[in-house]
Amino acid sequence: IIEVDETFTLAMSNLVTTQAPIASIDITEGAQGTIEDNDNAIVTIGNETVNESAGTVTFTATLDKAVQGGFTVDVVYTDDSAEGSNVDYDSALDQLTFAGSAGETQTFSVAINNENLVEATETFNLAMSNLVPVTAPAGSIDVSDTAIGTIDDDDTATVSISAITDAAEAGT
């Protein structure tokens, strides 16, 4: 479990000796110890591909190890060949909230704009930022993974040619 460092105090009492007089042994000083947490957790997001007409693409973020107190993290989008701002997809920021359980997943959907335009397959990128842990140290949670959203175009175009009669060739 990813957690804050823990400290403890050691105190001695009830001294029993076999030879030395008890008054000659000082046990009033205690000691303090620290258990440093050296665990790390990783959040990953899987790549996803969807047909443009699906309307949304759903991504899953997965936390590999338990994180004491949980945390939030933002998912931000950047354009590659797809254009955000609801041209090809909705690039508004998403915030994920993890309770902190090992193996926990968070799913989130991105709206896809089904424009009636024949175009190539388009992609956009996802990254995580603005990690805010409740109690665990932020440096022990890795949110550097990225993902790619791929939008497959399913539009088609038809070209037709009608027969043309040239009046000059027809003898008129």
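Residues numbered from 1 in each chain as written. Predicted model: local features only at pLDDT ≥ 70, side-chain atom pairs only at ≥ 80, totals over all residues. Heavy atoms only, no water.

(A) Seen up close, the sheet that holds strand β4 (residues 48-51). One open sheet holds the five strands; their spatial order is β4-β11-β9-β6-β7, and the pairing between them is mixed. Strand pairing shows two members of the sheet lacking a second neighbour, β4 and β7 (94-98), which therefore form its edges. Between one strand axis and the next, the sheet turns by 25° as a mean value, whatever way the strands run. Two elements, strand β6 (residues 71-79) and β7, share five bridges in a ladder whose sense is antiparallel. Bridging across to β7, F71 finds its partner in F98. (Pairing = 2+ DSSP bridges. Helix = DSSP H or I, 4+ residues; strand = E, 2+ residues; numbered from the N terminus. Axes fitted to C-alpha atoms, helices over the stretch in contact; angles between N-to-C directions.)

(B) Fine view of the environment of A120. Position of A120 relative to the elements: it lies in the loop between β8 (105-111) and β9 (122-133). Each C-alpha atom, one on A120 and one on I151, is 9.0 Å from the other, the two residues being 31 residues apart in sequence.

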